[in-house]
Amino acid sequence: VSRGMSGGHTLFPPTEDRSNESKSRLLEQITAALGGQAAEDLIFKDISTGAASDIDVATNIARAMVTQYGMSSLGPISLSPRSMFGAWRGMDEGSEISQKLADAIDTEIRKIIDNAYKNAQLLLKKHKTKLDAVAKSLLEKETLESDEFEAIVGNKKS
């Protein structure tokens, strides 16, 4: 049920304090973030603006994977702007990368997002019965706690 500016909300609490994320976990987070729009497309054959925040989250994770973490075919290189110090603290020096490299970064981000979206679509199709059961339960209760959700879809241990 919509609340304020949010069309809905899914919270993914960490299972433990995490200061270090694996590539596979980041890809799972992107896939999960894109799941709402993929579900709209699957069920309604249309999409809404409700996934805007999720798309922003997914894109930011993908961008960090490419520009900060070396988790793309561009390899282990930091491609994000450097922060300035001194009187200009908090500002970025700006980009010192070529247009060709900027295009390559955009291409890598696009690949990550596209693959995660396709994966979300496949997972939703494969588990459509569970998707329908979750939707039915949300229409009845509005909110599901993790144990209620897991009772419907099963429990995945990370």
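What you are looking at is a predicted structure, and each value in this text was computed from that prediction instead of being measured. (Residues numbered from 1 in each chain as written. Predicted model: local features only at pLDDT ≥ 70, side-chain atom pairs only at ≥ 80, totals over all residues. Heavy atoms only, no water.)

*Asks:* Is there a simple way to explain the overall build of the protein chain in this structure?
*Replies:* Counting its secondary structure elements, the protein chain contains five helices and zero strands. Listing every helix and strand of the protein chain by position from the N terminus yields α-α-α-α-α. Within the protein chain, the fraction of its 158 residues that count as buried is 23%. Carbon and sulfur atoms make up 55% of the accessible area of the protein chain, which totals about 11500 Å². (Helix = DSSP H or I, 4+ residues; strand = E, 2+ residues; numbered from the N terminus. Buried < 20%, exposed > 50% of the residue type's maximum accessible area, 1.4 Å probe, protein only. Areas by Shrake-Rupley, 256 points an atom, 1.4 Å probe, with all protein chains shown as cover.)

*Asks:* How should I be thinking about the layout of surface pockets in this particular structure?
*Replies:* Any empty space left between atoms is shown by rolling a water-sized probe over those atoms. Approximately 210 Å³ is the volume attributed to the second largest pocket. Where the lining of the second largest pocket is concerned, the elements lending two or more residues are helix H1 (23–44) and helix H3 (99–126). Among the elements that make up the lining of the second largest pocket, the one with the highest residue count is H3 (six residues). Class assignment for the residues of the lining of the second largest pocket results in four nonpolar, five polar and four charged. (1 Å grid on protein atoms, 1.4 Å probe; cavity = no way out; pocket = protein on both sides within 12 Å on 5 of 7 lines; lining within 4 Å. Points joined across faces, edges and corners; volume = space filled by probe spheres on them. Nonpolar A, V, L, I, M, F, W, Y, C, P; charged D, E, K, R; others polar.)

*Asks:* Would you explain the environment of Ile61 in this entry?
*Replies:* Among the structural elements, Ile61 can be located in helix H2 (residues 52–67). Classification of Ile61 as buried rests on a relative accessible area of 16%. Once residues lying within four places of it in the same chain are set aside, the contact partners of Ile61 are Leu26, Gln29 and Ile30. (Contact = heavy atoms within 4.5 Å.)

*Asks:* Mind showing me how you'd approach the packing of H2 against H3 here?
*Replies:* The description of two packed helices rests on the angle between their axes and on the distance between the axes. One way to put it is that H2 packs onto H3 with a least axis distance of 9 Å and a crossing angle of 130°. Taken together, H2 and H3 sit at an angle that is classed as oblique. Of the two elements, H2 crosses H3, and the hand of that crossing is right-handed. Listed contacts from H3 to Ala58, Thr59, Ala62, Arg63, Met65, Val66 and Thr67 of H2 are Ile105, Asp106, Glu108, Ile109, Ile112 and Ile113. (Axes fitted to C-alpha atoms, helices over the stretch in contact; angles between N-to-C directions. Parallel < 35°, antiparallel > 145°, perpendicular 65-115°, else oblique. Left-handed = near helix turned anticlockwise from the far one by under 90°.)

*Asks:* Help me out: how do you make sense of the nonpolar core in this one?
*Replies:* Within the largest apolar cluster, 22 residues are counted, with the highest numbers of intra-cluster contacts made by Ile30, Leu34, Met65 and Ile113. When residues of this core are traced back to their parent elements, those giving at least two are H1, H2 and H3. The leading source of residues in this core is H3, at eight residues. In contact with Ile113, not counting residues within four places along its chain, are Ile30, Leu34, Ala58, Thr59 and Ala62. (Core = buried A, V, L, I, M, F, W, Y, C linked by side-chain atoms within 4.5 Å.)

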